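# A look at the structure
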Amino acid sequence: MSHELAETYACMPTTERGRGILISGDSKSNSILYTNSRSVVIMNLLNPLQVSVYGDHAYPVTVARFSPNGEWIASADVSGTVRIWGTRNDFVLKKEFRVLSGRIDDLQWSPDGLRIVACGDGKGKSLVRAFMWDSGTNVGEFDGHSRRVLSCAYKPTRPFRIVTCGEDFLVNFYEGPPFRFKSSHRDHSNFVNCVRYSPDGSKFISVSSDKKGIIFDGKSGEKIGELSSEGAHTGSIYAVSWSPDGKQLLTVSADKSAKVWDISEDNNGKVKKTLTSPGSGGVEDMLVGCLWLNDYLVTVSLGGTISIFLASDLDKAPTMFSGHMKNVSSLTILRSNPRVLLSSSYDGLIVKWIQGIGYSGKLQRKDNSQIKCLAAAEEEIVTSGFDNKIWRVSLHGDQCGDAEAIDIGNQPKDLSVALLSPEFALVSIDSGVVMLRGTKVVSTINLGFAVTASAVSPDGSEAIIGGQDGKLHIYSISGDTLVEETVLEKHRGAITAIHYSPDVSMFASGDANREVIVWDHASWEVKLKNMLYHTARVNSLAWSPDSRRISTGSLDTCVIIYEIDQPVSSRITIKGAHLGGVYGLTFTDEYTLVSSGEDAFIRVWRITPP
């Protein structure tokens, strides 16, 4: 068997309330760059399923930019490190420098691609540095800021200049190279969030949380104009981007709108169009990032929705897509239509995906509580969170109907639904299990050992419960009680996952000590053993619909697929499937496997039969 990556559903940029994010792009390839945790994501705007990811930073990445020729990317992280790597050939690392002693918030290449300026937070005076990208040598001294520097810009034409702005309300102007402090502007009365040069270098603009945008001469640094207060933003302006011809601007704000401005000959700006995206109007619709790339106007909301407007047709509704921003811990398919996937992350987001298309919407629930486990029956999803409640939510297309909460009085550990009679659900808690029929708790059973995982058979007649001690206890379910049938002892670590095969002839179990075992259901003998190829805890298991393949996902970032009738040596290993570990797995057909993980990505793998 062999495998290939068929589709990637990307994570969204990491956002933070009250702060802008800086996304960037490459006009030649129509690609945008953004960051989420330790990943730098390169996405093609024409086809959001065309995504590649760089995951070699040791700390969360904050900003990334293409070099002027598009051959290199410089990315920076919260430790103050900048890495410079090639956009081709497996992202070969060219250089790595420790630039600041704290987090880097923005960086910019010089137009000749020889120098980089970076700014952010640091101890002492060093909040901005410019250096040669091949040697790391400093090119100048940047005095004049006393607090975190949020943004910097490099003048794209000679004579070269650098401008910076930050939390001390200042916009500072430097001449060089080597760069020296020239002047400082105190026109803003709040954090200055973003500063950008026009493409021809004749002017630059700063935007601030005081809702103002101020335009300066690019060569002398003098103030020459500002954005009109007529029709202006009513909230903090977080980011700004120039049109390719330098005659217009795009701004985004906490007031949940984006605005396109015409910049007149006298260097003042007036609103040409206010862009709003359809949304619930909640906090998550605040806009925190933007980019004007060729004909595309890209905005990013706090809740992680990317909207793409066309500059040539501003009245046209935007193309919108979204995804997860945090670890995707559960994946499930709708059995009525296996092409439809539901995924959930612990922050309470449930996203619907359609294979071949990608993002298809967020499920709007009336109660956005956190989610630990997610199961789907025919027209219903069952979730458990951290609030001692199990939720049953009916599904109507993209919308969730009424939700009913069942308080089980304990923190749920694991949740499984009997697929043939979905009103029956088994929830494991620390000391035992809770049985639900519909929205009623029919019994809470103390089992006398520490429970870590559980599974119920599709017809609801049997339960397998795994313990901290690595033992599997098999119970038959009669009425609302459990009758112990046998105890299986083979695992050497706490049980982390249990799954019946679709034909119920087998079941599989995985443990925290990296081992997976497939058992024969009739005889309770081991059917497939020595499945010891992970190097860390097994988080998830999935069976193919014909019960002939089993796949395992682990904290070690790998997915392994075994053929049940073949020796374990013929397995397929997908290395580095998800940065930080694999948490969700499901097969959508005999040879298509979907995985999700800590990196907030979802990937669809095609397996080629031997």
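Small disclaimer: the values here were computed from a predicted structure and weren't measured.

### Remarks on the domain arrangement of the chain
Size of an interface: often given as the accessible area lost when the parts come together. Here the domain parsing of the chain yields domain 1 (16-253), domain 2 (254-322) and domain 3 (328-541). Distance between the C-alpha centres of domain 1 and domain 2: 19 Å. Facing 46 residues of domain 1, the contacting portion of domain 2 comprises 37 residues. Together, the buried faces of domain 1 and domain 2 total about 3,400 Å²; carbon and sulfur atoms form 65% of this surface. Among the residues of domain 1 in contact with domain 2, L45, Q248 and L250 are the three that bury the most area, contributing 17% of the side total.

### Overview of the pattern of salt bridges
For the coordinates displayed, the defined rule picks out 21 salt bridges. Of the charged contacts, one joins E175 and K182 as a salt bridge, the two residues approaching to 3.8 Å between their closest N and O atoms. Under the relative-accessibility criterion, E175 is labelled partly exposed at 27%. Among the ionic pairs, D430 bridges to K413, the shortest N-O distance being 3.2 Å. With D430 in the loop between β38 (424-429) and β39 (432-437) and K413 in the loop between β36 (399-407) and β37 (414-417), this residue pair connects regions lying 17 residues apart in the sequence.

### Things to note about the pairing of strand β54 (residues 592-597)
Within β54, six of the six residues are buried, which leaves it mostly tucked inside the rest of the structure. Taking every second residue as pointing to the same face, both faces of β54 are buried, with T592, V594 and S596 on one and L593, S595 and G597 on the other. For strand β53 (residues 582-589) and β54, the ladder comprises six bridges, and the chain directions are antiparallel. Opposite V582, over in β54, you have G597 as the bridge partner.

### Considering the sheet that holds strand β5 (residues 47-54)
The four strands lie next to each other as β2-β3-β4-β5, forming an open sheet whose pairing is antiparallel. Every other strand in the sheet has two partners, leaving β2 (24-26) and β5 as the edge strands with one partner each. The sheet shows a mean angle of 30° between the axes of neighbouring strands, taken without regard to direction. Looking at chain direction, β2 and strand β3 (residues 31-36) are connected through three bridges and run antiparallel. Bridge pairing in β3 links S24 to L33.

### Some remarks on the UniProt feature "repeat: WD" (unreviewed entry) in the chain
Listed under "repeat: WD" (unreviewed entry) in the UniProt record, and renumbered for this structure, are residues 54-95, 185-226, 230-271, 488-520, 531-565 and 575-610. Overall, residues 488-520 shows 0% helix and 58% strand. The separation of its end C-alpha atoms is 12 Å. Spanning residues 575-610, this segment combines 0% helix with 58% strand, and its end C-alpha atoms are found 20 Å apart.

Rules behind the numbers
- Per-chain numbering applies: the sequence of each chain, read as written, is numbered from 1 onward.
- Local features in a predicted model are, by the rule used here, given only for residues with pLDDT of at least 70; side-chain atom pairs are given and counted only at 80 or more, and totals for whole chains, interfaces and linings are based on all residues.
- Side-chain measures here rest on the full set of heavy atoms in the structure, leaving out hydrogens and waters.
- Boundaries between domains were set according to an automatic or database domain assignment.
- The criterion used for residue contact is that any of the two residues' heavy atoms lie within 4.5 Å.
- For any pair of parts, buried area is found by adding up, for both, the accessible area (1.4 Å probe) each one loses once the two are put together.
- Each salt bridge in this description consists of a side-chain nitrogen of Lys or Arg and a carboxyl oxygen of Asp or Glu lying within 4 Å of one another.
- For every residue, the accessible area (1.4 Å probe, protein chains only) is compared with the maximum for its type, and the residue is labelled buried under 20%, exposed over 50%, or partly exposed between those bounds.
- Only DSSP runs of H or I with at least four residues qualify as helices, and only runs of E with at least two residues qualify as strands; both kinds are numbered from the N terminus onward.
- Strands are labelled as partners when DSSP assigns at least two bridges between them.
- Orientation is described by lines fitted to C-alpha atoms, with helices fitted over the stretch in contact, and by angles between N-to-C directions that extend from 0 to 180 degrees.
- UniProt positions are given in the numbering used here, feature names are shortened, and annotations may be inferred rather than shown by experiment.

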